[in-house]
Amino acid sequence: MTRHGLHRITRFRSGPRRKAIAIGVVGGSVVAGIVATMMPLLASDDLSIRAAADTTATAVSQDGDNAAKTTLATCATRCDGNPRGGREAVIEFAVTTVPAAAVNIRATLRVHAWQQFAATVTAHASPLSARESRPPLTSAAGAALDSVTSVAKGLNEWDVSKLVTGNGTWTVSLAQSGLESRIYWASAENRNPDLRPSLRISYDLGAKPSPVTTTRPAPPPSPSASPTTAAPKPSPTIAPTRTATPSASGTLPSGKCGSVSDKLVPSCGAWWGMYSPAGAAGGWDHGKAVTDVESQVGRKFDIVHRYHDFSNSGSNGAFPDAYESQQMREGRLMFFAWESRDFSAGTTLKWSDVYGGKQDETIDAVAGRIRAAGVPVFIGFDHEPEDEPNKGSDADFVRAWRYVHERFASAGATNAVWVWTMMGWSGHYSRYAGLYPGDRYVDWVAYDPYNFHVCNGSTVWKSPSTTVGGFYRWLDDNGIGAGKPRMLAEFGTNFDSSDPGAKQRWFQEFPAALKAHPKIKAAIYFNSAGMTSRTSTCDMTMNHDASAVAGFAQAGKDSYLRQPTGGSR
């Protein structure tokens, strides 16, 4: 984690572990035994489709003609004291430009509200006509598609993929509950085109995947098999068990969710991950640091993220260590963020040391252990290199990345899945093309978005969609890593001391933000203060209070983040 505009403050421990900011493990629920055939990840440009027609369905005679208004309205059945005052916003879209070869179609409805409200608004497939001036409100609502449990000021998003399956005319109604007062939304007639209702559609291009057979990883070992809290010294021969039991579903239907590519890309939805630092108080138990959080949120994480150094010793440098080997056996994917420094010694390497051959022994030893793991793992070399001025130039970073990649290939560590991780800060946009090693050397493109709020001196509260959207759009516009899956290698949010429920809502809204940015196929929470300090107005951890935990737990229950082949089973 780096606060944009400030250099990273690196603090080192004199003990055998890692820097005190405790940046964390790359982990991943490796799908043992899966033979995955996924369509080529050739993602299209997102389509943004404006509403063809909209209106407000109502039972209130005084409402009159609703067809040409600049606002739409929703209200509960009992509304403003009227027991029959219900209203629904009805919006029609004409979709005509989705290619015939499109698969994995994702559709997100976006509608603007001017104020924040404590109300639940559910999107339904609608039998009503959006072209009528005042359609009667009936009880015959179509199937519920998605809900927002609180209305945000600005754009609100609903996943309507169950309805929008390709080209055609699609009509959606928004129905309100939990608040007996009207909520007004921008209509297609609003003078600001950016506020008008829209349908965001994305898809993949390619032949549908053939049926694949999946197997589940073996059940977790008994507690007696867990690593001890002593500093683990894993042998390169340690590898996850390959024993597996057949899944209940057996063969996955063609075109359905559940397949995973050899580069760990899920066919739909996204992986859900966690960096949770271990500490002296917990005996430096990197396994318990993760399972404690899993117990809090009620699910296993798909990906476990940890940071390692070039010491090639102890749990800092001799990875995968015993904890990570255990986590892989239990069905998690590992993400190793590998930094060219020595955490305990407090020293930083230069990239020229790496590509100049001075670290070959360490690189080859790590490559051997990765190869011996026998399952795909995420690995990244020097995350956020744009914030490492002492290591060398951007060109030096690219040369070092390629050198490490080539040595892994020569060592037969072809199960390494390479994740290029940038800060994603706009202040460095001019540098990212020069920091990109090239498509041949990169499997995933990752960045680290945060809603710091006051933690970095700002007063701006960014929604999840705003938080993740900036660099996402920049990548689209500039073609860096085109066609590659994207990952939030770190993400996080502060709380708002003036609004105690803001952090909970932020987490609750996070799945919708991912659905609106479907090239993001993995999101990993950075559960540490990192560069920030815990104060009365700043705490970036997801479990600093019960409401934040509840919001994060709710996000993790979203079907988009519960892969049938991942740790969330």
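Residues numbered from 1 in each chain as written. Predicted model: local features only at pLDDT ≥ 70, side-chain atom pairs only at ≥ 80, totals over all residues. Heavy atoms only, no water.

Chemist: It is not clear to me how unusual backbone geometry should be interpreted in this structure. Could you clarify?
Modeler: The bulk of non-glycine residues show a negative phi, and the bulk of peptide bonds are trans. In this chain, Phe319 is followed by Pro320 through a cis amide linkage whose omega measures 0°. On the secondary structure map, Pro320 appears in the loop between helix H2 (314-317) and helix H3 (322-329). Of note in the backbone geometry, Trp284 takes a positive phi value of approximately 55° without being a glycine. If you trace the backbone, Trp284 turns up in the loop between strand S16 (271-275) and helix H1 (286-297). Residue Trp284 is classed as buried on the basis of its relative accessible area of 14%. In this structure, Glu384 is a non-glycine residue whose phi angle is positive, near 50°. Looking at the secondary structure, you find Glu384 in the loop between strand S21 (377-381) and helix H6 (394-410). Among the residues examined, Glu384 registers a relative accessible area of 1% and is labelled buried. (Helix = DSSP H or I, 4+ residues; strand = E, 2+ residues; numbered from the N terminus. Buried < 20%, exposed > 50% of the residue type's maximum accessible area, 1.4 Å probe, protein only.)

Chemist: Would you explain the confidence of the model for the protein in this entry?
Modeler: For residues with low pLDDT, the predicted coordinates do not support detailed interpretation. Confidence in the prediction for the protein averages 82 pLDDT; 80% of positions are at 70 or higher. Taken as a whole, residues 3-45 scores under 50 in pLDDT and shows 176 contacts with residues more than four places along the chain or in a different chain. Confidence drops under pLDDT 50 across residues 207-255; counting only partners more than four residues distant or on other chains, this segment forms 96 contacts. (pLDDT = per-residue confidence, 0-100. Contact = heavy atoms within 4.5 Å.)

Chemist: Explanation requested: the packing of helix H9 (residues 502-516) against helix H10 (residues 546-556) in the structure shown.
Modeler: Geometry of a packed helix pair, given as the angle between the helix axes and the separation of the axes. In the contact formed by H9 and H10, the axes pass within 7 Å of each other and the chain directions differ by 5°. The orientation of H9 relative to H10 falls into the category roughly parallel. Where H9 abuts H10, its residues Lys503, Gln504, Phe507, Gln508 and Pro511 lie against Ser547, Ala548, Ala550, Gly551, Phe552, Gln554 and Ala555. Here the contact of H9 with H10 is built from residues that sort into 6 nonpolar, 5 polar and 1 charged. (Axes fitted to C-alpha atoms, helices over the stretch in contact; angles between N-to-C directions. Parallel < 35°, antiparallel > 145°, perpendicular 65-115°, else oblique. Nonpolar A, V, L, I, M, F, W, Y, C, P; charged D, E, K, R; others polar.)

Chemist: Help me out: how do you make sense of the state of the cysteines in this one?
Modeler: Each disulfide is one covalent bond, formed between the sulfur atoms of two cysteines. On inspection of all chains with the given rule, the structure shows 2 disulfides. For Cys75, the disulfide goes to Cys79, at an S-S distance of 2.0 Å. One disulfide, between Cys75 and Cys79, carries an S-S torsion of 95° and so falls in the right-handed class. The burial state of Cys75 is the same as that of Cys79; both residues are buried. Covalently, Cys455 is tied to Cys538 through a disulfide, its sulfur atoms 2.0 Å apart. The sign of the S-S torsion, about 110°, decides the handedness of the disulfide formed by Cys455 and Cys538: right-handed. Placement of the pair is Cys455 in the loop between strand S24 (450-451) and helix H8 (464-478) and Cys538 in the loop between strand S26 (520-526) and H10, with a sequence separation of 83 residues. For the pair shown, Cys455 and Cys538 are each scored as buried. (Disulfide = S-S within 2.5 Å.)

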